[in-house]
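Descriptive structure summary
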There are 2 protein chains.
Amino acid sequence: MASGSWEEFFAVHLPPTDFEDNRTLLKEFCERHDKYGNKIVLVTSGGTTVPLEHNTVRFVDNFSAGTRGSASAEYFLEHGYAVIFMHRQKSLEPFTRHFSGQKLLDMLEIQERGPNTTITVRPDSVDVLAPVLVRYKAALAAGAVLQVAFTSVSEYFWLLRAACECLARLGPRALLYLAAAVSDFYIPKDRVPTHKMQSESGAPVIQLQLVPKMLAPLVNLWVPAAYVVSFKLETDESLLIPKARAALEKYKHKMVVANMLQSRHHRVILVSPEASQEIVLTREDIHAGVDIESAIVSEIVRLHAEHLAGGGAGAALPAGAGAAAAAAAAAAGWPPRSPR
Amino acid sequence: MASGSWEEFFAVHLPPTDFEDNRTLLKEFCERHDKYGNKIVLVTSGGTTVPLEHNTVRFVDNFSAGTRGSASAEYFLEHGYAVIFMHRQKSLEPFTRHFSGQKLLDMLEIQERGPNTTITVRPDSVDVLAPVLVRYKAALAAGAVLQVAFTSVSEYFWLLRAACECLARLGPRALLYLAAAVSDFYIPKDRVPTHKMQSESGAPVIQLQLVPKMLAPLVNLWVPAAYVVSFKLETDESLLIPKARAALEKYKHKMVVANMLQSRHHRVILVSPEASQEIVLTREDIHAGVDIESAIVSEIVRLHAEHLAGGGAGAALPAGAGAAAAAAAAAAGWPPRSPR
C-alpha cells in the first residue's frame, strides 16, 4: 500500500495534548537564540512508537536507546550551539546518560550528624561526576538546552514540524540532526481497535501502512535554508551507501550519516552529495571511552560553518578554508532570513 | 492460529547469551536466603518485546514503564522479603524510580575549594533523598535484592523458568508477583526476516502467533507450592472480573490483581478463588503521593502469611489470624520442600 501524503497525515492525526505548550517553548527558545545570533541544532533522538490500540497497551516500536542523540547533544553544546533535544520519553538524555540505573545513588553517602543529615558524593566519585555536573549546570544557566519529548510517531511529526516552523527564522544558522529512529510504518487511525486485542479471538494480523516521508516537505518547505542531516541505519552493508545516496538525491538535503546496526558505536560514514567520509574509532579510542559522536559532531559543525560561510547556498568550500570563513562569518553576524 | 506448547517454545527459542550468568546469580541468591529461612518474592516488571527482525531494528512492545513492579519491590523489602526484581532493561527500578530524568543531578551542588572539589546534595533536597537512600543502602548491605533484566519475550520466559527452578526449594515461602506486561503474541522464529524490512517493498503484513501460557507449567510443575499472583490489565471494564476468574479457574493459582489501564494507579481488585476485594486510593491518598502498591503488597503479604500458616495448602485463614500465624511460622521455620 502506498503512503498517504504528509498533509493527509496531519489532517488525520490530531496534535498531542501538550502540543501548544511545547510549541510555545520552542518559539520562545528559537526567538531568544535568534536574537543573539546563535546557531541552533535540533537533535532528534530515540525511537517512535506505532500504537496497535487506541487505549494503548501494545505498540510497534523502533529500536533506539537514544545513545547517539543524547551524546551528540552534549558535543553540540560544547561547540556553542543552542540545542533543542527532541527525544523519546524515557530515552537517554544528555548528561544523565552517564549515570544509568543506580550509578548515581551508589555515588552518594549519607552522614547523620545529630539533627543535621547531609548527603555527599563519595570522594572517589567526584572526579567522574564533577566534569559532567559542571557542563550540565552551565548549559542550564545559559538556557542553552530545550528538551521536548514524544512517544508515538504522530507526536514526533507534530513536534518536528513545529520546531521547523520556529527554526525557519534562523535560516542557515539552523542545523537539523535527525537521529531519531522513526517508524516507516503505521496503522491508519480508523483501523486501530479501541480496546485491547483479545488473545481468545486468535492471533491478529496487523496491516501496516507506509509513513509519508516528512523529509520532503521539511527540506523543501519548512526549513529550506537549514543544514539538514539525516541518519540511515541498516543491517545489510550492501544497501548502506546506495540508500544514503538515493536519499540525498531524492530529498536534496546536505548529509546522511550512514551506519550499520552492529558497528554503529565505532564506525559511521558521512555521505554528502560531493563525497563520503568514514569515521572509525581506533581500538585505543574505544578503550579510552571516546564517544564516536564527538568526531561526528566536530565534522558536521565544520561543514555547517562552511555552509554558513558560503552564504548558506549549499556550496561547500575546500577543506581547510572552513574555520577561517566561519570565524569571519561569526564576526559579521548572520541576518536572520525567514523563508516563510 | 493456535499457540504452540511451552515445551516447543523453549525448544525453538535459544536461551539469551547472558543466561548462564543470570542462572548462577539466581541460584546463589535463592540458596542463601533459603538457608536463613527467608521468604523470597519474584517481582516481574515492565513489558516484553517481540522482535520483527533477527537483527532487531523493529519490535512489537507492550506498554509498561515498570511503575507497579518497581514500587512493589520496595514494599516487599519493607516487609522483610528478599526480592528478585526481574525487569525490562531500562524500565523503572526500585529506589531510582523516585528520581527520573535529571532530578538527581538537579539536587547536587558543586563546591570548588582550591584543589579539593566536593559535591553535596542541596540542603532542601536532603529530606526527599535521605529516606530513599537509607532504604537503598540497607537493601544493598543485606544482599536483599537481585536484579536481572530481559528485553524480548523469549528472554523473559527463559529467566522466569530459571527463577522458578531456583525458587522451588523454598516451597510455600516463595511468592511470585508477576506484574510484567508479557506479550500474548509473537512471531515464530522461522518467519522473522534476517534484515531490516525495506519500505520500498511496500508495507509488510505481520502475522503473529499466540504465546503459550506459561502460567500453566509454572503453577503445576515449576513451583507447585508457591503463592502465585498474576496480573490482568484491561481497557474494557466488563471483561475485567470475568477474565480474572477464568484465569484462576484455568491455572489454579492464588490471586489475580485486576486493573483497568485508565485507573490502575488508584484502583485495583484483588481476585482470589474465594473472594474479591477492591483497593482504592482516596483523593487524600493521591494528593499525599501514596503508592497504591503499598496497600496491594500489604494485603498480599498478609494472605501469603495465612497461606504459610495453613501449611501452604492454599486454605485461607480467617482475616486477623494471619499475623499471629505468620509469626509462629517464622519462629518454627519452614523446611524447604523441593517438588522436583
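Cut-offs applied
- Residues numbered from 1 in each chain as written.
- Chains lettered and ligands numbered in written order.
- Predicted model: local features only at pLDDT ≥ 70, side-chain atom pairs only at ≥ 80, totals over all residues.
- Heavy atoms only, no water.
- UniProt positions renumbered as here; feature names shortened; annotations may be inferred.
- Pairing = 2+ DSSP bridges.
- Helix = DSSP H or I, 4+ residues; strand = E, 2+ residues; numbered from the N terminus.
- Axes fitted to C-alpha atoms, helices over the stretch in contact; angles between N-to-C directions.
- Contact = heavy atoms within 4.5 Å.
- Parallel < 35°, antiparallel > 145°, perpendicular 65-115°, else oblique.
- Left-handed = near helix turned anticlockwise from the far one by under 90°.

Under an unreviewed UniProt entry, the name given to chain A is Phosphopantothenate--cysteine ligase, and the organism recorded is Galleria mellonella. Its UniProt record gives chain A the following Sequence similarities (unreviewed entry) comment, quoted word for word: "Belongs to the PPC synthetase family."

All names here are of chain B. Strand order in the open sheet formed by 8 strands is β7-β4-β1-β8-β12-β13-β14-β15, with mixed pairing between adjacent strands. Because the sheet does not close on itself, it has two edges, and the strands there are β7 (145–150) and β15 (276–280). Averaged over neighbouring strand pairs, the angle between their axes works out to 15 degrees when direction is ignored. Strand contacts of helix α7 (residues 215–222): β8 (174–178) and β12 (227–234), with the helix running at about 170 degrees to β12, the strand carrying the most contacts.

Residue and element names in this part refer to chain A. Taken together, 8 strands build an open sheet; the order of strands is β7-β4-β1-β8-β12-β13-β14-β15 and the sheet is mixed. Edge positions in the open sheet fall to β7 (145–150) and β15 (276–280), since each of these has one partner strand only. With direction set aside, neighbouring strand axes in the sheet form an average angle of 15 degrees. Two elements, strand β1 (residues 40–45) and strand β8 (residues 174–178), share 5 bridges in a ladder whose sense is parallel. Paired with V43 across the bridge in β8 is Y177.

All names here are of chain A. Where helix α2 (residues 19–35) contacts helix α6 (residues 153–167), the axes come no closer than 9 Å and their chain directions differ by 30 degrees. With respect to α6, the element α2 is oriented roughly parallel. For the crossing formed where α2 meets α6, the hand is right-handed. Along the contact surface, α2 presents F19, N22, R23, L26, K27 and C30, while α6 presents W158, L159, A162, A163, E165, C166 and L167.

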